[in-house]
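# Structural overview
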Amino acid sequence: SFQLAADQAMKSFVAVFIFGLANCSPSSVNDNEIERIWPGAPPLKYKDVEGLRKNLNSVIKGADIPALVRLGFHGCAGGCDGCINYEDPNNAGLQQTTSPLETLYRTVYQGRMSRADYWAWSALWAIEKTVQNNNKKCKGKGCRIPKPEFTYKWGRKDCPTSPKTDNGGRLPGAKFSHDKTMDYFAVEFGLTARETVALLGAHTIGRAKVGNSGYNGSWIKGEEEMFNNKYYKHLVDQTFTWKHRPVTPELENQHWQFDSAAGMMLTSDFSLYKEVYPTEEGPNSCRVSETLGCKKTSTASLVELYAEDNSLWMEDFREVFMKVLENGYDDEELAVIEELN
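Residues numbered from 1 in each chain as written. Predicted model: local features only at pLDDT ≥ 70, side-chain atom pairs only at ≥ 80, totals over all residues. Heavy atoms only, no water.

Turning our eyes to something else, we now look at unusual backbone geometry. With glycine set apart, most residues show a phi of negative sign, and most peptide bonds adopt trans. With an omega of 15°, the peptide bond running from Ser162 to Pro163 counts as cis. Here Pro163 lies in the loop between strand 1 (153–154) and helix 7 (178–189). Here the phi dihedral of Glu149 falls at roughly 55°; this positive angle occurs in a residue that is not glycine. Mapped onto the fold, Glu149 is located in the loop between helix 6 (115–137) and strand 1. Owing to a relative accessible area of 53%, Glu149 belongs among the exposed residues under this scheme. (Helix = DSSP H or I, 4+ residues; strand = E, 2+ residues; numbered from the N terminus. Buried < 20%, exposed > 50% of the residue type's maximum accessible area, 1.4 Å probe, protein only.)

So, in structure tokens, the structure goes:
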């Protein structure tokens, strides 16, 4: 059957990769100061990064790629500890969409690296992959985006019940106003306003599903697996006509979102650029597409800056995304993997 063939293919793939791991030599990085999760396991090195990239490229496809970015962020809320509260409605769909990732971990990486490191590295790969996708399909001036050139680190520790937990960190709300969004990221991740605006550009990939969040659609239609600055371009484009509508009118807790021909935005997205506030009834308090509608926020100039400059945004995004994926750790607690070792 198809499933049997798929299982056999995975076993063959795993066998080849484990053989490769067995022949890895110790890293030259200053790893001795980092407490290993599994005593006796050799330190991780750049060859492991390259191996994971190759394996993820073989196993993770299509819409599952952006899901790794969501997993990386959700898994680091409250500290990167390889644990998710799958009963939390904010994490709906994560367990299903990341099932191939978990299968790969259990068959290849368990005992070799923590799940927290594995999730963080997978999130970094997902950005790298979607940048590649964008640049391959890029046509026209200014659409290419620089490679992120992330620094890979290891030493994150899993919670005792990884990958599940009854707790989990606090997550941001889709209805957050500008101030609530800024306060959340400042408190939970220690981010500045500029870092917060740069981070939320990750919404340029992926899509929302009613069954997961109550919202529906892609932020950037047709480019769900292409990482670029169109998220900001759409926010500042005054030629767009945005319709604020309830996605779930049948529910008491309605989910209102902004829709245009090019994609959708949440209230928390638009709050980076315009002072939008959902009313008790649901509809927004002002019109985002009109000159005399919503006023610009204190971070509107940053949105406009990133809309104009792909390279500048990637430079800022690179730094803040790595910061998010190190949440809960000091610099000396994580070991840097040098590219040539």
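Having seen the model, we can carry on.
Sheet strands line up and pair through hydrogen bonds in the backbone, either parallel or antiparallel. Taken in spatial order, the three strands line up as 4-5-6 in an open sheet, and their pairing is antiparallel. Every other strand in the sheet has two partners, leaving strand 4 (243–246) and strand 6 (263–265) as the edge strands with one partner each. Neighbour-to-neighbour, the strand axes of this sheet turn through a mean angle of 35°, independent of strand direction. Across three bridges, the pairing between strand 5 (residues 256–260) and strand 6 is antiparallel. Bridge pairing links Ser260 to Gly263 in strand 6. (Pairing = 2+ DSSP bridges. Axes fitted to C-alpha atoms, helices over the stretch in contact; angles between N-to-C directions.)

Turning next to the nonpolar core. Counting 88 residues, the largest nonpolar core has Tyr118, Trp121, Ile127, Phe189, Phe227, Phe317 and Phe321 as its most contacted members. In terms of residues, this core owes the most to one element, helix 6, which gives ten residues. The residues touching Trp121, leaving out its near neighbours within four places in the chain, are Leu44, Asp48, Val49, Leu52, Met113, Tyr152, Lys153, Trp154, Arg156 and Ile337. (Core = buried A, V, L, I, M, F, W, Y, C linked by side-chain atoms within 4.5 Å. Contact = heavy atoms within 4.5 Å.)

On to the state of the cysteines. One pass over the full model with this rule turns up three disulfides. Covalent S-S linkage joins Cys76 and Cys80, the inter-sulfur distance amounting to 2.0 Å. Measuring the twist about the S-S bond at about 115°, one finds the Cys76-Cys80 disulfide to be right-handed. The disulfide partner of Cys83 is Cys159, and the S-S distance across this bridge is 1.7 Å. Its torsion about the S-S bond being -75°, the disulfide of Cys83 and Cys159 is classed as left-handed. Here the residue Cys83 occupies a position in the loop between helix 3 (64–76) and helix 4 (94–97), and Cys159 occupies one in the loop between strand 1 and helix 7, the gap between them amounting to 76 residues. Overall, the relative accessible area of 5% leaves Cys83 in the buried class. (Disulfide = S-S within 2.5 Å.)

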